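Architecture and fold: a report
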Amino acid sequence: MSIPMQMKFKFESASSVPRCGVAKQGAEARGPSSWKWVEASVWTERMLAALGNGVKGGKWYSLIDKVYNPKTLKAAWKKVASNRGAAGVDKISIKRFRSNAQFYLEELERELRSGSFQPSAVRRVHIPKDGKKTRPLGIPTVKDRIVQTALKMVLEPIFEKEFLPTSYGFRPGRGCKDALREVDRLLKEGYTWVLDADVKSYFDTIPHNLLMERIRKRVSDGEILHLIELFLEQEILEDMKRWNPISGTPQGAVLSPLLANVYLHQLDLSVHRNGFKMIRYADDWVVLCRSMEEAKDALSLIQSWIDNNGLQLSPEKTHIGSSLQPGHGFEFLGYRFEGGHRYVRSKSLKKFKDKLRLKTRRTRGDSIEQIISDLNPSIKGWFGYFKHAHHYTFNSLDGFIRRRLRAILCKQQKRPGSGRTGKDHRQWPNTFFAERGLFTMREAYILARQSR
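We now turn to the structure provided with this report. Since this is a predicted model, take the numbers as computed values, not measurements.

1. Examining the pairing of strand β6 (residues 277-281)
Where burial is concerned, most of β6 is hidden: 4 out of the 5 residues are buried. Of the strand pairs in this sheet, β6 and strand β7 (residues 284-289) are connected by 5 bridges, and their pairing is antiparallel. Bridge assignment links R280 to a residue of β7, and that residue is W285.

In structure tokens, the structure reads:
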């Protein structure tokens, strides 16, 4: 789409933005209880006091000892183990690492302490995305995941203190539902014009030099900075190809979400400083405005910031429209907002139905009770996230699930049918499935409405 004429905007650094308004609603306004998520072996009461009061020059020194502290590495290993995940290029799985964990952790401590640690190559695979498309995913070794987790435990509170409350992605105590609640609130207050923008291949294009500049403003420990650079330039192995990236943070790396938020924090500050309402979840964001002119101004600001920071907006995924007009809504975090309603995004709906199809193949030999027991957690989890969507979605999905179950019952009775005939409905009415415990979204939706 065409970009509006350049306007005069305020682009200010973190240090020059007054800690007031929306900024003060963030980390600075939190009490001690809100820092319970930090790793206690790193962030002692003395460290947290320094975080709250500020350190000399706003920079942190001598942090590497917190990374190689045996308690930190052990805590990092526990997190990596709980997340499971596949083995990297060294073929050391979580199970194999666990069998000799003490030895491996002591080895990591020695390497980090001596400065001899070198990350292994990242094994790159491609996972399905939106049907026929795929997206790259990096799989670091278990050892590298532990070191990155330890680094994140040390660094995250330093930057979390700076982040604005308009950012929701991959942050402690924040998530998609919080971002969606803020979107709802702003729409109800009349911010119905939307700028929906997308950065082209964001995680792959973050300039390393500019990212490191932002990190150096808060961290002056050379060994920590060197470790981050090692991970940014970590060799990638895909099939028989090997290369070292010159930009970006590898998707799948433990540090990537934090580094991505650090880089876009300056955008958050610029948008807020110029009075716009942006809700950002990692690299997915919307700006809600009261008029088309305001939305165009927001686009001009963001386009200018993107151009000056080595990134690119995707023209085909960037648009301005009134969310109240049919066909001009916007999609955000799995939902579509249009005409004053929330709907399930078509891609999200298709993905869920595909998952249901896999669980309800006609050839499945389990009892109907076992199949229902297997289905219910998926249905409940999906409804828990999408329960604010338009109610017709739930009626339709309930019917779809029951048809799939009737088709299985037809197959088990060795007769043709796809669960759609009147005979099928009479033999297995809705009450048949309800009596066997099938979770019904329509009923859950009605109950949720009554309890408000």
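2. A short note on the packing of helix α14 (residues 368-386) against helix α18 (residues 441-450)
Orientation of α14 relative to α18, taken along the N-to-C sense of each, is 40 degrees, at an axis distance of 11 Å. In terms of axis orientation, α14 runs oblique to α18. For the element pair α14 and α18, the recorded crossing hand is right-handed. Residues I379, W382 and F383 of α14 form the contact with α18, whose own contacting residues are M441, A444 and Y445. In the contact of α14 with α18, the residues fall into 6 nonpolar, no polar and no charged.

3. Observations regarding the nonpolar core
Taken as a class, soluble globular proteins show a tendency for nonpolar side chains to be buried jointly. In this structure, I146, I215 and W285 are the most contacted members of the largest nonpolar core, which totals 79 residues. Judged by nonpolar contacts, the second largest core, of 46 residues, contains F400, W428, F439 and Y445.

4. Here we look at α18
Where α18 is concerned, the buried positions are M441, A444 and Y445. Buried positions in α18, seen along its axis, are confined to an arc of 100 degrees and lie on one side of it. Every exposed residue of α18 that faces more than 90 degrees away from the buried side is listed here: E443, L447 and Q450. Contacts made by the buried residues of α18 are with α13 (346-359), α14 and α15 (392-412).

5. Some thoughts on the pairing of strand β10 (residues 335-338)
Where strand β9 (residues 330-332) meets β10, 3 bridges bridge the pair, whose relative direction is antiparallel. Within β10, the residue paired with F332 across the bridge is Y335. Hairpin connection between β9 and β10: a loop of 2 residues separates the two successive antiparallel strands, and L333 in this loop has a positive phi of roughly 50 degrees. Two strands pair when backbone bridges link them, and β10 and strand β11 (residues 341-344) are joined in this way by 4 bridges, in the antiparallel orientation. Among the inter-strand pairings, Y335 is bridged to a residue of β11, identified as V344. Where β10 folds back onto β11 in an antiparallel hairpin, the turn is made up of 2 residues, including G339, whose phi is positive at roughly 60 degrees.

6. Let's talk about the sheet that holds β7
The strands making up a sheet are joined through hydrogen bonds of the backbone, oriented either antiparallel or parallel. Taken in spatial order, the 4 strands of this open sheet run β6-β7-β3-β8, and their pairing is antiparallel. The sheet is open, and its two borders are formed by β6 and β8 (319-322), each paired with just one other strand. Strand after strand, the sheet turns through a mean of 20 degrees between neighbouring axes, direction not considered. The strands that helix α7 (residues 176-188) touches are β6 and β7; relative to β6, the one it contacts most, it runs at about 160 degrees. Of the strands in this sheet, β3 (193-198), β7 and β8 touch helix α12 (residues 292-308), which is tilted by about 145 degrees from β7.

7. Topic: the packing of aromatic side chains
In this structure the tally under the stated criterion is 21 aromatic pairs. Among the aromatic residues, those joined into a cluster by ring pairs are F330, Y335, F337, F352, W382, Y385 and F386. Taking the ring centre of Y335 as reference, the NZ or CZ of R342 above it sits at 4.4 Å. K353 extends its terminal NZ or CZ atom over the ring of F400, reaching a point 4.7 Å from the ring centre.

Calculation criteria
Residues numbered from 1 in each chain as written. Predicted model: local features only at pLDDT ≥ 70, side-chain atom pairs only at ≥ 80, totals over all residues. Heavy atoms only, no water. Buried < 20%, exposed > 50% of the residue type's maximum accessible area, 1.4 Å probe, protein only. Helix = DSSP H or I, 4+ residues; strand = E, 2+ residues; numbered from the N terminus. Pairing = 2+ DSSP bridges. Axes fitted to C-alpha atoms, helices over the stretch in contact; angles between N-to-C directions. Parallel < 35°, antiparallel > 145°, perpendicular 65-115°, else oblique. Left-handed = near helix turned anticlockwise from the far one by under 90°. Contact = heavy atoms within 4.5 Å. Nonpolar A, V, L, I, M, F, W, Y, C, P; charged D, E, K, R; others polar. Core = buried A, V, L, I, M, F, W, Y, C linked by side-chain atoms within 4.5 Å. Arc of directions from axis to C-beta. Phe/Tyr/Trp six-rings, centres within 6.5 Å; stacked < 30°, edge-to-face > 60°. Lys NZ or Arg CZ within 6 Å of the ring centre and 35° of its normal.

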